[in-house]
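Listed below are the residues making up each chain.
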Amino acid sequence: MKDVYILGIESSCDETSASIIRNGSDEIATVILSQIDIHTNFGGVVPEIASRHHIKNITMVIEDCLNKANMTINEIDAIAVTAGPGLIGSLLVGVEAAKTLAFIHNKPLIPVHHIAGHIYANNLVKTMVYPLIALVVSGGHTELVYMESEYSFKKLGSTLDDAVGECYDKVARVIGVGYPGGPVIDKMAQLGKHTYNLPMPLDDNSYNFSFSGLKSAVINLVHNEEQRGNTVNKEDLATSFQEVVVDIITKKTLKALKDYNVKNLILAGGVAANNGLRNKLSSSCIESDINCSFPPMKYCTDNAAMIATAGYFLYQRGDFANLDLNARSNIELQ
Ligand code: KG4
Ligand code: ZN
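Cut-offs applied
- Residues numbered from 1 in each chain as written.
- Chains lettered and ligands numbered in written order.
- Predicted model: local features only at pLDDT ≥ 70, side-chain atom pairs only at ≥ 80, totals over all residues.
- Heavy atoms only, no water.
- Helix = DSSP H or I, 4+ residues; strand = E, 2+ residues; numbered from the N terminus.
- Core = buried A, V, L, I, M, F, W, Y, C linked by side-chain atoms within 4.5 Å.
- Buried < 20%, exposed > 50% of the residue type's maximum accessible area, 1.4 Å probe, protein only.
- Contact = heavy atoms within 4.5 Å.
- Pairing = 2+ DSSP bridges.
- Axes fitted to C-alpha atoms, helices over the stretch in contact; angles between N-to-C directions.
- Parallel < 35°, antiparallel > 145°, perpendicular 65-115°, else oblique.
- Nonpolar A, V, L, I, M, F, W, Y, C, P; charged D, E, K, R; others polar.
- Patch = residues over 30% accessible without salt bridge, like charges linked within 9 Å, V, L, I, M, F, W, Y side chains within 5 Å.
- Areas by Shrake-Rupley, 256 points an atom, 1.4 Å probe, with all protein chains shown as cover.
- Salt bridge = Lys/Arg side-chain N within 4 Å of Asp/Glu carboxyl O.
- Expected span 1.5 Å × (residues − 1).
- Bend = angle between axes of the 7 residues up to and from the residue.
- Right-handed = clockwise from strand over helix to strand, strands pointing away.
- Donors = N, O, S within 2.8 Å, 3.2 Å for Na, K, Ca; no water.
- Tetrahedral: all angles 85-135°; square planar, octahedral: opposite > 155°, others 65-115°.
- Near = heavy atom within 4 Å.
- Polar contact = N/O pair within 3.5 Å; in protein donor to acceptor, adjacent residues only side chain to side chain.
- Domains from an automatic or database assignment.
- Buried area = accessible area lost by both parts, 1.4 Å probe.

K.L.:
Break down unusual backbone geometry for me, with residues and values.
P.N.:
Following Y130, the chain continues into P131 via a peptide bond in cis, with omega recorded as -5°. The peptide bond linking Y179 to P180 adopts the cis configuration, its omega dihedral lying at -5°. Mapped onto the fold, P180 is located in the loop between α5 (164-174) and α6 (181-189). Even without a glycine there, the phi angle at N23 is positive, about 55°.

Below you can see the structure in the form of structure tokens.
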């Protein structure tokens, strides 16, 4: 069978990325231009600034990717692009670039859901086996998704308020350790002790999550200690916070696996890089005889390799868009 090369484009938040993937699993080349250094000054992503940088960089990133792969656009079978969800101004840059390439070079255009991309990052490591449960944890999402077969998504539950990565970022901001907060809090959590009592968020029978109460509890704790003239031990607070987060996510994920009688778990999204979560989930999965797969760090955070990979499976189904494709900041996974 002829090899299929998909060029993926991702620009939903603060990374401008392009990637070429062969047959939905082999990475030929990926370029990621991160804007983290720019947004750090503001303690979070500033949408308008993000869009402007995407505009400045998108052409160069795509060209770099083709050069790195030593390929021309003529050798590409289709263009896959993140069409949502994400920051609308940022998404539009990627979508317009993809549409332009598809139009000029007469290639099929494939819109990809950002979360489908995060999930399919796993296929770059190991062929995904169905049925499976995907735990999607990122700066914008906290979702448990059941996949009975290829490209079928049933959302079991999601966050009712803040996403888990967002909660990490806000906690990091309140204790003054910078942006993005997840990796820093994760590192600090390895060094501290569980000393602060924080509430277990939404500890019920559903597959939903809620992190805003936990975030407020951390903010109140820090302010109360400051008012009393006490210093907060940041590492101990990071450990206490991370343990609560990891416990509730693990508990609900194991419940979904049990209820749906599924033996395959995959992790996706930026927070899948979290060491505490990886350790707890892998040991729980060993105990419960569940195959658990984590993408390597480089595929956990936003990248176009995951978009090209998901795009391959849509290519096989002939799921193409017209040139009137529009980006959408909010769009259901289906
Ligand atoms: O998937 P991603 O790159 O962007 C979104 O689609 O949201 O995820 C970024 C999020 C940020 O909130 C960041 O703080 C978090 O992932 N993150 C982590 C870790 N590495 C990144 N959170 C916890 N522990 C980590 N090691
Ligand atoms: Zn993402």
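Moving on, there is more to tell.
K.L.:
Outline the nonpolar core, listing residues and values.
P.N.:
Nonpolar side chains in soluble globular proteins tend to end up buried together. Ranked by internal contacts, the top residues of the largest apolar core, which has 48 residues, are F241, I249 and L265. Sorting the residues of this core by element identifies β6 (132-137), β7 (142-147), α5, α6, α7 (212-227), α8 (234-259), β9 (264-268) and α9 (275-287) as the ones contributing at least two each. Take this core: its biggest share by element is 10 residues, from α8. If we ignore the near neighbours within four places in the chain, the residues touching F241 are C167, Y168, V171, I185, L198, L214 and V218. A80, I115, L132 and M306 belong to the second largest nonpolar core, which has 33 residues in total.

K.L.:
Just give me the short version of the sheet that holds strand β3 (residues 26-34), but keep the residues and values in it.
P.N.:
Across the sheet, five strands lie side by side as β3-β2-β1-β4-β5; this open sheet has mixed pairing. Strands at the two margins of the open sheet, each flanked by one partner only, are β3 and β5 (109-113). The average undirected angle you get between the axes of adjacent strands in this sheet is 20°. Both strand β4 (residues 78-84) and β5 contribute to a ladder of five bridges, which runs parallel. The partner of G84 across the bridge, within β5, is H113.

K.L.:
Quick one: what's the story with the packing of α6 against α8, residue by residue and with numbers?
P.N.:
The geometry of α6 relative to α8 is characterised by a closest axis approach of 7 Å and an angle of 100° between their N-to-C directions. One finds that α6 runs roughly perpendicular with respect to α8. Contacts from I185, D186, M188 and A189 in α6 reach K234, E235, A238, T239, F241 and Q242 in α8. The residue makeup of the contact of α6 with α8, split by class, is five nonpolar, two polar and three charged.

K.L.:
Can you tell me about a nonpolar patch on the surface, naming the residues and giving the values?
P.N.:
There is a patch of nonpolar side chains on the surface, built from F103, I104 and L323 and spanning about 340 Å² of accessible area. Mapping L323 onto the fold places it in the segment after α11 (305-317).

K.L.:
How would you explain helix α2 (residues 47-69) if you had to name every residue and give the values?
P.N.:
Spanning 23 residues, α2 covers 31 Å between terminal C-alpha atoms, matching the ideal 33 Å at 1.5 Å per step. Its axis deflected by about 45° at N57, α2 carries its strongest bend there. Taken together, the buried positions of α2 are occupied by A50, S51, H53, H54, N57, I58, V61, I62, C65, L66 and A69. Tucked inside the fold, the buried residues of α2 contact β1 (5-10), β2 (15-22), β3, α1 (36-40) and α3 (88-105).

K.L.:
Explain the environment of K99 residue by residue, including any values.
P.N.:
Locating K99 in the fold gives a position in helix α3. Taking C-alpha positions, K99 is 7.8 Å from L325, a pair spaced 226 residues apart along the chain. In contact with K99, not counting residues within four places along its chain, are L109, L323, D324 and L325.

K.L.:
Give a description of the pairing of β4 that names residues and reports values.
P.N.:
Among the seven residues in β4, seven count as buried, and that is most of the element. Once you follow β4 into α3 and on to β5, the crossover reads as right-handed.

K.L.:
Explain the coordination of the zinc ion (ligand 2) residue by residue, including any values.
P.N.:
Looking at the zinc ion (ligand 2), one finds its protein donor set to be H114 (NE2), H118 (NE2) and D302 (OD), positioned 2.0 to 2.1 Å from the metal centre. If you look at the zinc ion (ligand 2), its four donor atoms make angles of 93 to 140° with each other, and the shape they trace is irregular. Of note, the zinc ion (ligand 2) draws all its donor residues from one chain, in the sequence arrangement H-x3-H-x183-D. Here the residue H118 occupies a position in helix α4 (residues 114-120), and D302 occupies one in the loop between α10 (297-300) and α11, the gap between them amounting to 184 residues. With respect to class, H118 is no different from D302; both count as buried.

K.L.:
Please provide a residue-by-residue account of the site of ligand 1, values included.
P.N.:
Near ligand 1 you find 21 residues, and of these G139, D169, D186, G270 and N274 are the closest. Between ligand 1 and the protein, one listed contact pairs an oxygen atom with a side-chain N or O atom of D169 at 2.7 Å. One of the side-chain nitrogen or oxygen atoms of N274 is found 2.9 Å away from a nitrogen atom of ligand 1. Listing elements by their share of the shell around ligand 1, those giving two or more residues are α4, α5 and α6. Looking at which element gives the most residues to the shell around ligand 1, the answer is α6, with four residues.

K.L.:
Describe in detail the domain arrangement of the protein, supporting the description with residues and values.
P.N.:
For the protein, the assigned domains are domain 1 (5-120 + 300-317) and domain 2 (128-294). On a C-alpha basis, the centres of domain 1 and domain 2 stand 27 Å from each other. The interface of domain 1 with domain 2 comprises 20 residues on the first partner and 21 residues on the second. Note on domain 1 versus domain 2: buried area summed over both sides is about 1600 Å², and carbon and sulfur give 71% of it.

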